[in-house]
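Close look at the chain arrangement
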Amino acid sequence: MSDIPVRKVVDEKIIGLLRTTALFGTLDESALIDIAVAANPVQLMGGMQLMQEGDAADSFYLVISGRICTFVTRDGIETPLGEAGRGELVGETSVLTGESQPVSARAIRDTGLLEFSKDAFYRLVERHPEAVLSLSKNIATRYQREIYGTRAESAIATIAVIPAGNNVPLSDFTKRLVAAFSAVGPTIHLDVQRVERALGQGSTEKSEEDRILRWLDDQESRHKFIIYESTVKPSSWTNRCIRQADRILLVGVAGGSPALNLIEKNLFVGREDQTIARQELVLLHPDRDEAPKGTKQWLYYRSVANHHHIVIDSTEDYKRLCRFLTGRAICVVLGGGGARGCAHIGLIRALQELHIPIDAIGGTSIGAAIGSCYAIGRNTGEILDILDRWWIMDNPMKDYTLPVVSVISGKKLNNTLKKMYGDAQIEDLWVKYYAVSANLTHAKIQVHKQGQVWMAVRTSMSIPGHIPPVVSNGELYVDGGVLDNLPVDIMQEICDGVIIANNVSPEVDLKVIGSSEGTFSGWSYVFNFLRPSYRKLEMPNMLNILMRSGMLSSIRAVNISKSQADIYLRPPLDNYQLLDLAPAHEIEEAGYQYTRSMMKEHLLNNELLQKALAD
C-alpha cells in the first residue's frame, strides 16, 4: 500500500485521464493511483485567474479540460506568452526551482485542472522517482522548443464556429470542417439540435450549468476535437460555444458587408478586458475565378489573430485550415541570394510534384519575390515565364542613373512590379504570405504582412547601392538580407507547423584569383574584361562587393535559422553568380532536383512532416 495519505475512494475517471496524457501515460498503475490520490480537482470558469505573477510556488496544475493562457504584465499592459491545453502543465518549473511564479495564468474557457501541492509532489517523488523524471523530460522538451523553435502539435480541442456578417452558410461550412478534422482524429459536431436530442428539448437555454458541463466534459474525453456550431443570432447556446472554445472561427462571406453582426458586437464591444479564446477570420468564396478583395475592411472591424480564404466546396482548403488550427501547417521560408533565388521556383515545383502543400510562404529579397508569385496563385511555369519576359528580356536592373544614391533609378523596376501585381494586397492573397525588409533608419527588421504586394516586394529587394531605398514616413528601408536573409523566426510567429527553409546564399563567395595590396584601377577591370587572356587579378565588381558586405551578418546568423527550421535545405548553387540571371532555368532545375531528392527522404523518415500530411 502507498504510504501517501489517501482518500478512501480513488476517482477512476482521474486515473483514466492521467493515462491519456503524454506526461503520465507511461507510468504504471501504482504510480497513477498515487498521483490521482494526490491531485486536487479544480474547476475554473472562463476568465478566472489561476495564478498571479509573483505568487509563491506552492502548487502546479495539469490541464484536464479547457485552456489556460499565460502572460506577464508590464506597465499595466498584458503580454501573452503561451497557452496550455489538455494534458499540459502550468506552474511546474517554479515548484522545482523554489522561485516565485514568473507569469500569471488565466482560464480562457471553462477549465478543469488537477492541482498538485508542493508537499504532495515531494511525497510522490519519494515513492515514484520515475514521475519526476517524466516531469523533468516535459520541462526539458518545452525549453528546447522555446530555444530552438521546434514545436509540438497544438493542443486545441474545441473550436467554436460563429457567423461574421450576415447570410453565412454556417451549417454547410461546419459540416465540411468536421469532415477535415475527422481525418485527423475522433471529432464531434455539436449544435443546438444535437445537444437537445441528448439532453432534452430546451436544455441549451436552461440554467443547468453542472449537467451541461458534465456532458460536454464527457464528450471532450471521448473525442479529440469538438466543433461547436453557434446559432446565427445571439443565444445562450452561442454564448456557451464561445465560453467552451479554444479557438473561435468567425466565418463570413467574401463580397458581403464586413459590418459586425449582433453576435460579434457582443463578442468584441465592451469585452476588451475579458479573456476569450483567440479569434480567426474565415472568408468563404464561391470559387477561385477571381482573386479575393476587400479583406482589409473585414480585418478593420475585427481583432483577429489570423485570417483564411476558403473556397466553400474545396476539400483541400478545409484540409489547409485544419492544418493551421492543429499546428500542422506546412510553411516555406525562401532566403535572399540574387539570381540564385531562381532555385526557389524549382523547390515549389518539387513540393507540388510530391504532393506536399504550401500553407504559408514568406521570404527576403528574391525569396519575397518568388514567394509572392506563388501566394498570388501563379504556377511555376507562369513564374518562369514572368522571369523570362520581365526580368531577363526587359531587365529592369539596367535603368542606370548617376550613382549618387544607387546605380539604377528604380523607376523601371517599380513599373515592372506594378505590372506583375497590379493592386493586389497581401491580406487578399490565397496563401498566407510575408516579406521582410530592413529599416535602415532604426536598424531593425520590418515585416510586411499587409498592404500592396508590389511595394512589399520592392522594399524587400532594395539592394543597398544598387537599388534606391524605399522611403516611408521619413525612414529608409532596404533589402531584408541586410538583417535577416532567411527569416525563419518570422514564420514561427505567424504559423505553427512544419517550417521548410531554403537557403540559396553560399557560405563562401567572391573568391579571387591572384593577390593585391589593396590597390585596383577601374581601368584594369575594363581591360581584364576586354582581354581576359591578360587577366592578372580576378576582382568582383563594386555591386557584388556591396551586396556581400551588406549581408555578412545575416549570412553568419544562418545557423540560428537552420536550428529554427524543421527542414533545412541548401541546394548546390555556389558556381552561380549573384546578379547573373542568364542561367535562370538551369538554376531552377538545380533547385528542383535537389529539393526532390531531399524531400523524398523526409517523406520517408521525418515524423513531423508525416504527421502534417496525415489527413
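See the structure printed just above.
Summary of the structure given here. Just so it is clear, the structure is predicted and the values come from calculations on it, not from any experiment. (Residues numbered from 1 in each chain as written. Predicted model: local features only at pLDDT ≥ 70, side-chain atom pairs only at ≥ 80, totals over all residues. Heavy atoms only, no water.)

**Digging into the packing of aromatic side chains**
What the rule picks out here adds up to 5 aromatic pairs. With a centroid separation of 5.9 Å and an interplanar angle of 50 degrees, the aromatic rings of Y228 and W237 are classed as tilted. Pair check on accessibility: Y228 and W237 agree, each one buried. Ring centres of Y300 and Y301 lie 5.3 Å apart, and the angle between their planes is 80 degrees; this geometry places the pair in the edge-to-face category. Residue classification places Y300 among the exposed positions, given a relative accessible area of 69%. Taking the ring centre of W430 as reference, the NZ or CZ of R288 above it sits at 4.3 Å. Here R349 stacks its cationic end above the ring of Y592, 3.7 Å away from the centre of that ring. (Phe/Tyr/Trp six-rings, centres within 6.5 Å; stacked < 30°, edge-to-face > 60°. Buried < 20%, exposed > 50% of the residue type's maximum accessible area, 1.4 Å probe, protein only. Lys NZ or Arg CZ within 6 Å of the ring centre and 35° of its normal.)

**Digging into the layout of surface pockets**
Put simply, the second largest pocket is a space of about 770 Å³. Where the lining of the second largest pocket is concerned, the elements lending two or more residues are helix 14 (366-375), helix 15 (380-393), helix 16 (411-421) and helix 20 (542-550). A per-element tally of the lining of the second largest pocket places helix 15 first, with 5 residues. Grouping the amino acids of the lining of the second largest pocket by side-chain chemistry returns 24 nonpolar, 6 polar and 3 charged. (1 Å grid on protein atoms, 1.4 Å probe; cavity = no way out; pocket = protein on both sides within 12 Å on 5 of 7 lines; lining within 4 Å. Points joined across faces, edges and corners; volume = space filled by probe spheres on them. Helix = DSSP H or I, 4+ residues; strand = E, 2+ residues; numbered from the N terminus. Nonpolar A, V, L, I, M, F, W, Y, C, P; charged D, E, K, R; others polar.)

**What about the pattern of salt bridges?**
All told, the structure shown has 21 salt bridges when counted by the stated rule. For R247, the salt bridge goes to E280, with nearest N and O atoms at 4.0 Å. Here R247 is found in strand 12 (residues 247-253), whereas its partner E280 is found in strand 13 (residues 278-285), with 33 residues between them in sequence. Here R349 and E589 are joined by a salt bridge, their closest N and O atoms 2.9 Å apart. Remark: E589 occurs in helix 23 (residues 584-605) and R349 occurs in helix 13 (residues 343-353); sequence separation between them is 240 residues. A single salt-bridge network, built from bridges that share partners, covers R67, E83, R247, R278 and E280. (Salt bridge = Lys/Arg side-chain N within 4 Å of Asp/Glu carboxyl O.)

**Description of the sheet that holds strand 3 (residues 59-65)**
An order of 1-8-3-6 is seen for the 4 strands of this open sheet, with the pairing classed as antiparallel. A single partner strand is all that each edge strand has here, and the edge strands are strand 1 (40-44) and strand 6 (89-90). Examined bridge by bridge, strand 1 and strand 8 (residues 111-117) share 5 bridges and lie antiparallel to one another. Residue pairing in the sheet places P41 in a bridge with L114 of strand 8. (Pairing = 2+ DSSP bridges.)

**A closer look at the sheet that holds strand 2 (residues 49-51)**
Strand order in this open sheet of 4 strands is 2-7-4-5, and the pairing throughout is antiparallel. Of all strands in the sheet, those with a lone pairing partner are strand 2 and strand 5 (77-84), marking the two edges. Taking the axes of each pair of neighbouring strands and ignoring which way they run, one obtains an average angle of 35 degrees across the sheet. As paired elements, strand 2 and strand 7 (residues 104-107) share 2 bridges and run antiparallel to each other. Across the sheet, M51 pairs through a bridge with A105, a residue of strand 7. (Axes fitted to C-alpha atoms, helices over the stretch in contact; angles between N-to-C directions.)

**A look at the pairing of strand 17 (residues 432-439)**
With 8 of its 8 residues buried, strand 17 lies for the most part within the structure. The side-chain alternation of strand 17 yields two buried faces, one formed by K432, Y434, V436 and A438 and the other by Y433, A435, S437 and N439. By the bridge criterion, 5 bridges tie strand 17 to strand 18 (residues 444-448) in an arrangement that is antiparallel. Within strand 18, the residue paired with A438 across the bridge is I445. Between the antiparallel neighbours strand 17 and strand 18 lie 4 residues, among them A443 with a positive phi of about 55 degrees. Of the strand pairs in this sheet, strand 17 and strand 20 (residues 475-479) are connected by 3 bridges, and their pairing is antiparallel. Note that in strand 20 the partner of A438 across the bridge is V478.

**Regarding the nonpolar core**
Judged by nonpolar contacts, the single largest core of 62 residues is most densely connected at I361, W391, Y433 and M599. Among the elements that take part in this core, helix 14 stands out by supplying 7 residues, more than any other. Those residues in contact with Y433 that lie beyond four places of it in its chain are I361, G362, A368, G371, S372, A375, I426, H448, K449 and V457. Counting residues in hydrophobic clusters, the runner-up holds 33 residues, among them C69, I188, L216 and I226. (Core = buried A, V, L, I, M, F, W, Y, C linked by side-chain atoms within 4.5 Å. Contact = heavy atoms within 4.5 Å.)

**Some thoughts on a positive patch on the surface**
A cluster of basic residues, R389, K398, K412 and K419, forms a positive patch at the surface. Within the secondary structure layout, K412 lies in helix 16. For K412, a relative accessible area of 34% translates into the label partly exposed. (Patch = residues over 30% accessible without salt bridge, like charges linked within 9 Å, V, L, I, M, F, W, Y side chains within 5 Å. Areas by Shrake-Rupley, 256 points an atom, 1.4 Å probe, with all protein chains shown as cover. Lys, Arg positive; Asp, Glu negative; His and termini not counted. Charge placed at Lys NZ, Arg CZ, Asp CG, Glu CD.)

**Details of the state of the cysteines**
The tally for this structure, following the rule as stated, stands at 1 disulfide. Disulfide pairing places C331 opposite C495 at an S-S distance of 2.3 Å. Within this pair, whereas C331 is found in strand 15 (residues 329-334), its partner C495 is found in the loop between helix 18 (488-494) and strand 21 (497-502), the two being separated by 164 residues in sequence. Pair check on accessibility: C331 and C495 agree, each one buried. (Disulfide = S-S within 2.5 Å.)

**Re the packing of helix 13 against helix 14**
Helix-helix packing is characterised by the crossing angle of the two axes and by the distance between the axes. Relative to each other, helix 13 and helix 14 sit at 35 degrees, their axes nearing to 10 Å. Of the two possible hands of crossing, helix 13 and helix 14 adopt the one that is right-handed. Between helix 13 and helix 14, the residues in contact are H344, I345, I348 and Q352 and G367, I370 and Y374, respectively. In the contact of helix 13 with helix 14, the residues fall into 4 nonpolar, 3 polar and no charged. (Left-handed = near helix turned anticlockwise from the far one by under 90°.)

**A few points about the packing of helix 6 (residues 170-182) against helix 12 (residues 315-325)**
One way to put it is that helix 6 packs onto helix 12 with a least axis distance of 9 Å and a crossing angle of 65 degrees. By the angle between their axes, helix 6 is roughly perpendicular relative to helix 12. The two elements helix 6 and helix 12 meet at a crossing, and its hand is right-handed. Where helix 6 abuts helix 12, its residues F173, R176, L177, A180 and F181 lie against Y318, K319, L321, C322 and L325. Within the contact of helix 6 with helix 12, the residues separate by chemical class into 8 nonpolar, no polar and 2 charged. (Parallel < 35°, antiparallel > 145°, perpendicular 65-115°, else oblique.)

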